[in-house]
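Single-letter residue listing:
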Amino acid sequence: MVYTDWENNLILLLSKESLSYVEVDTLKQLLKMPLDWVRVIGLLKMHHIFPNVSVIIRKYIVDETNFEYGYVKLKTMANLEYKLQKEIANEQLQHQLQLIEILNTAEIPYALLDGLPNCQTIYKDSLHSPYYDSKVLVNYKDKGKVIQCLQSIGYMPNNADVNLDTGDRILENLKPLDLVKSTEMKFLSIFKIRLQFFPYSFGERNLQEDVTEELLKNVQILTIDGVQFKVLLWEDTLLSLCVDVYKDKKFNKDVSLFKYTDIYRLIKSQDINWDIFIKKVKTHNVEYLAFEVLYEVEELYY
């Protein structure tokens, strides 16, 4: 896919993992053009891909002769943003490890979603997948136990009236639940954990299916700093990412570019079993959703 303006084309190139010879030449030409550099920086922040800018520049830009002054500001900001995200990532990791430890100790079935799994598998770098909270998929029947575990380490539900009882398994009760904790860290004043009881919001027609329980029986184990944590299988992760993009398109209209990048890099870095993936999307009757998003990823990055 080629955008109709220079600034967006530059953003797309800066979001990629690697560039072809033609793309490198295009990148250099764009960096020498009188672009709207304020817009460029705004787009990079909006799409959450600033950490990748430093990587691309260091990898492909050697001779900076005749580059626009705006490029110098872009490079400076990208380097500062990279250092900032590194500090934030280190603080986030401390909270993540504490969360993992308490869930593992309590032997509660779970799977971490987004942030940390993406950083460790898709990007191999904690800076590249922006997250300021942690999403955890758990069984609805374990809701009370999980909340009590998190309260024991200082987290409190956003909703002061939250009921630890599970109650009826209806759509209202299956909505995500946020718990927050104040911190004394340098950059993160609070850290949020979002409990999800259902992996995909397809509507009430699926509530009788034990989807979450089945997913959590077939998780895979990853390791960070010698600590093991659980994530969904890659096919389930891919479907979850596709659903997230589709929901943003439907309800928010605008989709951050990094969400497409997550899907592209997941497909590129992991061995997706496409037969299993197709079977899953057919089971949930969401072929249109998954294939529409994957088509857009192909248009952007292939």
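Notes on the structure in this doc start here. (Residues numbered from 1 in each chain as written. Predicted model: local features only at pLDDT ≥ 70, side-chain atom pairs only at ≥ 80, totals over all residues. Heavy atoms only, no water.)

## Notes on the pairing of strand S7 (residues 227–231)
Taken together, the five bridges between strand S6 (residues 220–224) and S7 define a ladder with antiparallel strand orientation. When the sheet's bridge partners are listed, Leu222 is paired in S7 with Phe229. Turn length for the S6-S7 hairpin, with the two strands adjacent in sequence and antiparallel, is two residues, and the turn residue Asp225 shows positive phi of about 50°. (Pairing = 2+ DSSP bridges. Helix = DSSP H or I, 4+ residues; strand = E, 2+ residues; numbered from the N terminus.)

## Let's talk about the pattern of salt bridges
Within the structure shown, the criterion is met by 13 salt bridges. When the shortest N-O distance is used, the salt bridge between Arg39 and Glu7 registers 3.1 Å. Of the two residues, Arg39 is situated in helix H3 (residues 37–46) and Glu7 in helix H1 (residues 6–14); the sequence distance between them amounts to 32 residues. The exposure class assigned to Arg39 is partly exposed, which follows from its relative accessible area of 32%. One salt-bridge network, in which partners are shared between bridges, spans Asp5, Glu7 and Arg39. (Salt bridge = Lys/Arg side-chain N within 4 Å of Asp/Glu carboxyl O. Buried < 20%, exposed > 50% of the residue type's maximum accessible area, 1.4 Å probe, protein only.)

## Quick word on the nonpolar core
The nonpolar side chains of a soluble globular protein tend to be buried with one another. If you look at the biggest cluster of nonpolar residues, it comprises 85 residues, and the most contacted ones within it are Leu150, Leu195 and Ile263. No other element matches the ten residues that helix H5 (residues 69–106) contributes to this core. Those residues in contact with Leu150 that lie beyond four places of it in its chain are Leu99, Ile102, Tyr155, Leu179, Ile193 and Leu195. Ala111, Leu113, Leu216 and Leu232 belong to the second-largest nonpolar core, a separate cluster that totals eight residues. (Core = buried A, V, L, I, M, F, W, Y, C linked by side-chain atoms within 4.5 Å. Contact = heavy atoms within 4.5 Å.)

## A short note on unusual backbone geometry
A positive phi is found at His48, a non-glycine position, where the angle reads about 60°. For His48, the position within the fold is in the loop between H3 and helix H4 (50–60). Positive phi, normally seen in glycine, also occurs at Asn285, with a value near 60°. Relative to the elements of secondary structure, Asn285 occurs in the loop between helix H11 (274–283) and helix H12 (287–301). Residue classification places Asn285 among the partly exposed positions, given a relative accessible area of 47%.

## A few points about the environment of Leu74
Along the chain, Leu74 falls in helix H5. We classify Leu74 as buried; its relative accessible area is 0%. Considered as a pair, Leu74 and Ile41 are 33 residues apart in the sequence and their alpha carbons are 7.0 Å apart. Beyond its immediate chain neighbours, meaning those up to four positions away, Leu74 contacts Leu14, Leu31, Trp37, Val40, Ile41, Leu44 and Phe50.

Structural measurements only, silent on function.
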